Amino acid sequence: MSVGVWWASLRDARAAAPLTALLDPVERARHEAIARADDRGRFLLGCALSRIALGELLGVSPAEVPLRRVCPRCGGPHGKPRLAAPHGSPFADVDFSVTHSGDVVGVAVARGANVGLDVEETGSGAALDVDTVAPVALTDAELAALNAHPPAERASAFLRVWTRKEAVLKALGVGLTVPLRRLEVSAPPLPPKVLSWPDQRTAPQAMAMADVDVVTGSRRLPATATAAATGATALRLHHHDGTAAVTAYATSPPPP
Ligand SMILES: CC(C)(COP(=O)(O)OP(=O)(O)OC[C@H]1O[C@@H](n2cnc3c(N)ncnc32)[C@H](O)[C@@H]1OP(=O)(O)O)[C@@H](O)C(=O)NCCC(=O)NCCS
C-alpha cells in the first residue's frame with residue numbers, strides 16, 4: 001500500500017492570506033473561532049496541506065478540492081475530514097489523515113485504504129506527566145514495557161507507543177472514542193503492529209503500520225510519528241516536502 005506523507009512546519013502558516021483563501025465556508029468559520037494564534041495556524045496549515053496534497057493527486061487546483069467535515073456522531077463540523085468525491089468518481093477510494101503537534105503539521109494520503117497519521121513533538125515530551133497519562137492510555141503489557149525504561153526515557157517511549165495507537169484509531173476514523181486500554185500495539189524497537197483489538201468482531205482484516213520520519217526540506221523535526229492503513233499488510237511511504245509545497249502555493253497561488 002502506497003501512502004504519501006507531507007510534513008510542514010507551523011512557521012509555514014505565516015503567509016496566512018493566500019492560505020486562508022483556500023478554506024471553504026465550514027473551515028473558515030472554524031478558523032475564525034479558534035482563539036489561540038498557534039492553534040489557528042495549525043488548523044489552517046492542516047487544511048492547506050490537505051488541499052495541496054489532494055489537489056496534486058486529483059490533478060486540480062487546491063482550492064477546487066471538495067472536502068467534507070461532518071462528525072458522524074453529532075453532525076458538527078469536526079471529526080475525520082473526507083474527500084467529497086462525487087458518486088462514481090474514480091477518486092472515491094481516496095482517504096487522508098491530518099495531524100498536528102507543536103511546530104509540526106502532517107498529512108497522509110492513500111488510495112484503496114483508510115489511512116491514519118499521528119505525530120507528537122518529542123521536544124514537549126519533558127512536560128508530559130507520563131505517570132498520570134500512561135495508566136489511562138496503555139494496556140498492562142504496554143505499561144510494563146514502558147516502566148522497564150529508565151525514568152528519563154519514559155516520556156519519549158510513551159509518545160512512540162501513543163502515536164502508534166492514535167494512527168490506528170485515526171485510520172479507523174473512531175478517534176479516542178475507543179477504550180485505549182483495550183487496544184494493544186507493539187513498542188519500539190519492534191516494528192509497529194496491532195497486538196490486540198478492543199473488539200475482535202469489528203477488527204479490520206488487516207492493518208499495516210510504519211513509523212515515519214518527520215522531515216521538511218532538509219530539516220528533521222523533533223517529533224515521532226506513525227502511519228497506519230486498513231486492509232494492507234505493508235506500507236510504502238512516499239515523502240513530500242510540505243514546506244516547499246505550501247511556500248510555493250502561498251507565494252504564487254493560481255489566479256481566481
Ligand atoms: C482527533 C483525535 C483522534 C486525535 O487528536 P490529537 O492527537 O489531539 O490531534 P491530531 O492533530 O493528531 O489530529 C487532529 C486531526 O485529526 C482529524 N480527526 C478528527 N477526528 C478524527 C477521527 N475520529 N478519526 C480520524 N481523524 C480525526 C482531524 O483532521 C483533526 O484535525 P482538524 O480538526 O484540524 O482537521 C482525538 O482528538 C479525537 O478522537 N477527538 C474526537 C473525540 C470525539 O469523537 N468527540 C465527540 C465529538 S461529537
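Residues numbered from 1 in each chain as written. Predicted model: local features only at pLDDT ≥ 70, side-chain atom pairs only at ≥ 80, totals over all residues. Heavy atoms only, no water.

Caption draft 1: Looking closely at the overall build of the protein chain. Counting secondary structure elements, the protein chain contains seven helices and 13 strands. Compactness check: the protein chain gives a C-alpha radius of gyration of 18 Å against a globular reference of 18 Å for 256 residues, within 12% of the reference. Each principal axis of the C-alpha atoms in the protein chain carries an extent, and together these give about 55 × 40 × 35 Å. Across the 256 residues of the protein chain, 49% fall into the buried class. (Helix = DSSP H or I, 4+ residues; strand = E, 2+ residues; numbered from the N terminus. Rg over C-alpha atoms; globule rule 2.2 N^0.38 Å. Buried < 20%, exposed > 50% of the residue type's maximum accessible area, 1.4 Å probe, protein only.)

Caption draft 2: Highlighting the packing of aromatic side chains. Going through the model one piece at a time under the given rule, you end up with one aromatic pair. Arranged with centres 6.0 Å apart and planes meeting at 15°, the rings of Phe158 and Trp162 form a pair that is stacked. One end of the pair is Phe158 and the other is Trp162, both in helix H6 (residues 154–172) and four residues apart, which spans about a single turn. Overall, the relative accessible area of 13% leaves Trp162 in the buried class. (Phe/Tyr/Trp six-rings, centres within 6.5 Å; stacked < 30°, edge-to-face > 60°.)

Caption draft 3: How the structure looks around the pairing of strand S4 (residues 94–101). For S4, the buried fraction is high: seven of the eight residues fall into the buried class. Following S4, the chain reverses through two residues before pairing antiparallel with strand S5 (residues 104–111); Gly102 in that reversal takes a positive phi of roughly 55°. (Pairing = 2+ DSSP bridges.)

Caption draft 4: Examining the sheet that holds strand S6 (residues 115–121) more closely. Ordered in space as S6-S12-S9, the three strands form an open sheet in which the pairing is antiparallel. One side of each edge strand has no neighbouring strand; the edge strands of this open sheet are S6 and strand S9 (207–212). Each strand of the sheet is rotated relative to its neighbour by a mean of 15°, with strand direction disregarded. Against the sheet, H6 engages S6, S9 and strand S12 (223–230), with an angle of about 150° to S6. (Axes fitted to C-alpha atoms, helices over the stretch in contact; angles between N-to-C directions. Contact = heavy atoms within 4.5 Å.)

Caption draft 5: Region of the structure containing the site of the ligand. The environment of the ligand is made up of 21 residues, and the closest members are Thr99, His100, Glu166, Lys170 and Leu176. Within the backbone of Lys80, an N or O atom sits 3.4 Å from a nitrogen atom of the ligand. One nitrogen or oxygen atom from the main chain of Leu176 is found 2.6 Å from an oxygen atom belonging to the ligand. Here the ligand loses 73% of its free accessible area of 900 Å² to cover by the protein chains. More than half of the atoms of the ligand fall within 2 Å of the grid points belonging to the largest pocket. Of all the elements, S4 adds the most residues to the shell around the ligand, at three residues. Of the residues belonging to the shell around the ligand, the class tally is seven nonpolar, seven polar and seven charged. (Near = heavy atom within 4 Å. Polar contact = N/O pair within 3.5 Å; in protein donor to acceptor, adjacent residues only side chain to side chain. Areas by Shrake-Rupley, 256 points an atom, 1.4 Å probe, with all protein chains shown as cover. 1 Å grid on protein atoms, 1.4 Å probe; cavity = no way out; pocket = protein on both sides within 12 Å on 5 of 7 lines; lining within 4 Å. Sits in = over half its atoms within 2 Å of the grid points. Nonpolar A, V, L, I, M, F, W, Y, C, P; charged D, E, K, R; others polar.)

Caption draft 6: Quick look at helix H3 (residues 37–58). Helix length check: H3, at 22 residues, gives a terminal C-alpha distance of 31 Å against a target of 32 Å (1.5 Å per residue), a fit within 8%. Most of H3 is tucked away, with 16 of its 22 residues classed as buried. Taken from the residues just after H3, Gly59 is the one with a positive phi, measuring 75°. (Expected span 1.5 Å × (residues − 1).)

Caption draft 7: Geometry of the packing of helix H4 (residues 130–137) against H6. At a minimum axis separation of 11 Å, H4 and H6 run at an interaxial angle of 30°. Taken together, the axes of H4 and H6 are roughly parallel relative to one another. In this structure, the crossing between H4 and H6 has a hand that is left-handed. In this structure, H4 uses Val130, Val133, Ala134 and Ala137 to contact H6, whose residues at the interface are Arg154, Ala155, Phe158, Trp162 and Lys165. Considering only residue class, the contact of H4 with H6 consists of seven nonpolar, no polar and two charged. (Parallel < 35°, antiparallel > 145°, perpendicular 65-115°, else oblique. Left-handed = near helix turned anticlockwise from the far one by under 90°.)

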